[in-house]
Amino acid sequence: MTRMRGRFAPTPSGLMHIGNARTALLAWLHVRSEDGQFVLRMEDIDTPRCKPELAEQALADLRWLGLDWDEGPNVGGPFAPYVQSERIPMYEEALHRLEQDGRLYPCYCSRAELMAIASAPHGLGSEGPAYPGTCRSLTREEQARRAETKMPSLRFRVPDEAMSFVDLTAGEQRFPPGSGGDFVVRRADGIISYQLAVVADDAAMGITDVLRGYDLLDSTPRQLMLYEALGLPAPRFAHVPLLNGTDGKRLAKRHGAISLAGLRQAGVAPERIVGWLAAMSGLLDRPEPVSTKELIRAFRLDLIPKEPVVVTDEQLAALTHN
Ligand code: GLU
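Each value, and the rule that gives it
- Residues numbered from 1 in each chain as written.
- Predicted model: local features only at pLDDT ≥ 70, side-chain atom pairs only at ≥ 80, totals over all residues.
- Heavy atoms only, no water.
- Helix = DSSP H or I, 4+ residues; strand = E, 2+ residues; numbered from the N terminus.
- Rg over C-alpha atoms; globule rule 2.2 N^0.38 Å.
- Buried < 20%, exposed > 50% of the residue type's maximum accessible area, 1.4 Å probe, protein only.
- Contact = heavy atoms within 4.5 Å.
- Areas by Shrake-Rupley, 256 points an atom, 1.4 Å probe, with all protein chains shown as cover.
- Core = buried A, V, L, I, M, F, W, Y, C linked by side-chain atoms within 4.5 Å.
- Salt bridge = Lys/Arg side-chain N within 4 Å of Asp/Glu carboxyl O.
- Polar contact = N/O pair within 3.5 Å; in protein donor to acceptor, adjacent residues only side chain to side chain.
- Phe/Tyr/Trp six-rings, centres within 6.5 Å; stacked < 30°, edge-to-face > 60°.
- Lys NZ or Arg CZ within 6 Å of the ring centre and 35° of its normal.
- Near = heavy atom within 4 Å.
- Nonpolar A, V, L, I, M, F, W, Y, C, P; charged D, E, K, R; others polar.
- UniProt positions renumbered as here; feature names shortened; annotations may be inferred.
- Pairing = 2+ DSSP bridges.
- Axes fitted to C-alpha atoms, helices over the stretch in contact; angles between N-to-C directions.

Participant: Sorry, what's going on with the overall build of the protein chain here?
Facilitator: When helices and strands are counted, the protein chain shows ten helices and eleven strands. Rg of the C-alpha trace for the protein chain: 21 Å, near the compact-globule value of 20 Å for 322 residues, within the 12% margin. Considered along the principal axes of its C-alpha atoms, the protein chain spans approximately 70 × 45 × 40 Å. Looking at the protein chain as a whole, 49% of its 322 residues are labelled buried. Restricting the contact set of the protein chain to residue pairs at least 6 apart, pairs at least 24 apart contribute 75%. Total accessible area computed for the protein chain in this model is approximately 15,500 Å², and 52% of it derives from carbon and sulfur atoms.

Participant: Sorry if this is basic, but what is going on with helix α6 (residues 194-204) here?
Facilitator: The α-helix winds at 3.6 residues per turn, so residues separated by three or four positions along the chain end up facing the same way. Across the eleven residues that make up α6, a large majority, eight, are buried. Buried within α6 we find Q195, L196, A197, V198, V199, A200, D201 and D202. In this structure, the buried residues of α6 make contact with β1 (5-8), α3 (88-100), β7 (183-186), β8 (209-213) and α7 (220-230). Phi turns positive one or two residues past the end of α6, at G206, with a value near 65°.

Participant: Just to check I follow, could you spell out the nonpolar core for this structure?
Facilitator: In summary, soluble globular proteins display a tendency toward joint burial of nonpolar side chains. Judged by nonpolar contacts, the single largest core of 50 residues is most densely connected at I18, L29, L62, L65, L263, I273 and W276. Sorting the residues of this core by element identifies α1 (18-32), β2 (37-40), α2 (52-65), β9 (236-240), α8 (260-265), α9 (270-279) and α10 (313-320) as the ones contributing at least two each. At nine residues, α1 tops the list of elements feeding residues into this core. Among residues more than four places away in sequence, those in contact with L263 are I18, I258, V268, I273, L319 and T320.

Participant: Just to check I follow, could you spell out the pattern of salt bridges for this structure?
Facilitator: If the charged atoms of two oppositely charged side chains come close together, the side chains can form a pair. According to the stated counting rule, one finds 19 salt bridges in the structure shown. Here R300 and D302 are joined by a salt bridge, their closest N and O atoms 2.9 Å apart. Residue D302 is classed as exposed on the basis of its relative accessible area, which comes to 52%. Bridged by salt links that share partners, the residues R7, R41, E43, R87, D201 and D202 form one connected network.

Participant: What should I look at first to understand the environment of Q195 in this one?
Facilitator: As for its placement among the helices and strands, Q195 is situated in helix α6. Through-space distance from the C-alpha of Q195 to that of E294 is 35 Å; in sequence the pair is 99 residues apart. A distance of 3.4 Å separates polar atoms of two side chains, one belonging to Q195 and the other to S219.

Participant: What's the story with the packing of aromatic side chains in this structure? I'm lost.
Facilitator: Pairs of aromatic rings are described using the distance from one ring centre to the other and the angle between the two planes. Evaluation of the coordinates by the stated rule reveals three aromatic pairs. Relative to F183, the ring of F156 lies with its centre 5.3 Å away and its plane at 35°, an arrangement referred to as tilted. Placement of the pair is F156 in strand β4 (residues 153-156) and F183 in strand β7, with a sequence separation of 27 residues. Residue F156 shares its accessibility class with F183, and that shared class is buried. An aromatic cluster of three or more residues is present, and its members are F165, F175 and F237. Across the ring face of W69, the terminal group of R63 is positioned such that the distance to the ring centre comes to 4.1 Å. If you follow R155 out to its NZ or CZ, it ends over the ring of Y131, 3.6 Å from the centre.

Participant: In this structure, what is going on with the site of the ligand? I would like to understand it.
Facilitator: Taken together, R7, A9, T11, E43, Y194, V198, R212 and L216 make up the full set of residues adjacent to the ligand. Between an oxygen atom of the ligand and a side-chain N or O atom of R7, the distance comes to 2.6 Å. The separation between an oxygen atom of the ligand and a polar side-chain atom of Y194 is 2.7 Å. Within the complex, 77% of the 300 Å² of free accessible area of the ligand lies under protein. Class assignment of the residues belonging to the shell around the ligand gives a composition of four nonpolar, one polar and three charged.

Participant: Just to check I follow, could you spell out the UniProt feature "short sequence motif: 'HIGH' region" (unreviewed entry) in the protein chain for this structure?
Facilitator: Under the UniProt annotation, "short sequence motif: 'HIGH' region" (unreviewed entry) lies at residues 10-20. Helix makes up 27% of residues 10-20 and strand 0%, and the two end C-alpha atoms of the span are 8 Å apart.

Participant: I tried to follow the sheet that holds β7 on my own but got confused; where do I start?
Facilitator: The strands that make up a sheet pair up through hydrogen bonds in the backbone, lying either parallel or antiparallel. Ordered by their spatial adjacency, three strands build an open sheet running β3-β4-β7, and the pairing between neighbours is antiparallel. The strands lining the two open edges of the sheet, one partner per strand, are β3 (104-107) and β7. With strand direction ignored, the average angle separating the axes of adjacent strands in the sheet is 45°. Sheet topology note: the β3/β4 ladder contains four bridges and is antiparallel.

In structure tokens:
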């Protein structure tokens, strides 16, 4: 049997907060409990949104929390580099393959035109409204004419087939044919999309298991289509329910959701945060200080609640005060 390989792939566009820390912890426990290998990959592909200081900070925060990785930035490994901004040629190669197979087309729609697609059917919740295929069948002449005034994005032609997959925590998922519409794999400004980069990387890095937040469940059918189009084996997926505030919205700054750096500065011990996150994830009955390593033996995916976890203000406060 191949050894399990999992990863955590933060985007350094903000400080690591407790929601990110929880995903990182669960992904790490999932891998460590199976004696697998853990990869850290920095997803800074959207360079205008990302900052190198935040990438350094994320690595420092995760180490402070008690996580480690077998491969990653500053550590190296057989699939280096582990920083997306240094892997562009690999994404270009994947794009080239898709293009040669006729799976892509240039899209000249403006932002305003795209915004006007109010509520197309089969939108994937977190992915915005479905693209109606405006540029799908432009003739070569039309493409050439549009190209005179606009740099196109590149879209993947979504096959007209239903999609399904079995998620290790969320269960069976079904998506109707054409779900989400044709999606962008390279933006008009040349930036490679998350969908393409994540597939190229997880495949190249031999990732067998992706554990990530439920907010990315909707991205998975798109990623599975790319695996198939590129002839690459897909990993198993486990999408863990998010931590929400009492208003039912994802825990965020307005709830006072706190950054790891802030907690550290306030003198909160990492074991306390780990224990709190474990209690919020069905791994401990009560939030009591614990090291990441102490959680490995008892970890099981099926302990993680299937519904979003509502975090009350008191529970949040308990993270920082006695
Ligand atoms: N970089 C993504 C994020 O921070 C995660 C990607 C993934 O786990 O597939 O939201």
